[in-house]
Amino acid sequence: AQAAWVRAPYANWEPGTGAAAHVTRFVALAPVGNAHGGKWLHALNLVPMGRMDAAKLTEQPEGTTRNPYEGEHVHLPAAPQP
């Protein structure tokens with residue numbers, strides 16, 4: 001893709017239930033030096049989960065949506081046996 005895209009954070013549980021889980025964020029970036037001038041660099045301020053306060057870790061930001069993969073099951077092939 002030649003464009004950058006940032007999805008609204010999504011919950012890995014039903015939003016508003018108070019379940020102790022964190023949200024997932026997704027950022028897709030355009031290729032470096034793309035002809036369309038799409039964003040290819042994005043700054044993040046990451047804090048390891050082990051260093052976060054539990055209340056901050058489970059905070060549901062405004063605009064949090066349901067998990068887009070809810071109800072889907074991913075089946076991975078079995079690992080090859082030696």
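Residues numbered from 1 in each chain as written. Predicted model: local features only at pLDDT ≥ 70, side-chain atom pairs only at ≥ 80, totals over all residues. Heavy atoms only, no water.

A.B. asks: Help me out: how do you make sense of the pattern of salt bridges in this one?
C.D. replies: Pairs can form between side chains of opposite charge once their charged atoms are near each other. Using the criterion set out here, one finds 1 salt bridge in the structure. In this structure, the salt-bridge partner of Glu 59 is Lys 56, at a minimum N-O distance of 3.5 Å. Overall, Glu 59 belongs to the partly exposed group, its relative accessible area being 41%. The partly exposed category is assigned to Lys 56, whose relative accessible area is 47%. (Salt bridge = Lys/Arg side-chain N within 4 Å of Asp/Glu carboxyl O. Buried < 20%, exposed > 50% of the residue type's maximum accessible area, 1.4 Å probe, protein only.)

A.B. asks: Can you help me understand the layout of surface pockets in this one?
C.D. replies: Any empty space left between the atoms is revealed when a probe the size of a water molecule rolls over them. Reported here for the largest pocket is a volume of approximately 660 Å³. For the largest pocket, the lining is made up of 20 residues, of which Val 23, Arg 25, Asn 45, Leu 46 and Met 52 are closest to its centre. At the level of secondary structure, the elements contributing two or more residues to the lining of the largest pocket comprise β1 (5–11), β2 (23–28) and α1 (54–57). (1 Å grid on protein atoms, 1.4 Å probe; cavity = no way out; pocket = protein on both sides within 12 Å on 5 of 7 lines; lining within 4 Å. Points joined across faces, edges and corners; volume = space filled by probe spheres on them. Helix = DSSP H or I, 4+ residues; strand = E, 2+ residues; numbered from the N terminus.)

A.B. asks: Explain the environment of Pro 68 to me, please; I cannot follow it from the model alone.
C.D. replies: If you trace the backbone, Pro 68 turns up in the segment after α1. With 56 residues separating them in the primary sequence, Pro 68 and Asn 12 have C-alpha atoms 9.1 Å apart. With residues up to four places along the chain from it excluded, the contact list for Pro 68 reads Arg 7 and Tyr 10. (Contact = heavy atoms within 4.5 Å.)

A.B. asks: Help me understand a nonpolar patch on the surface in this model?
C.D. replies: Taken together, the side chains of Val 6, Val 27 and Leu 29 present a nonpolar region at the surface, about 230 Å² in accessible area. Residue placement: Val 27 occurs in strand β2. (Patch = residues over 30% accessible without salt bridge, like charges linked within 9 Å, V, L, I, M, F, W, Y side chains within 5 Å. Areas by Shrake-Rupley, 256 points an atom, 1.4 Å probe, with all protein chains shown as cover.)

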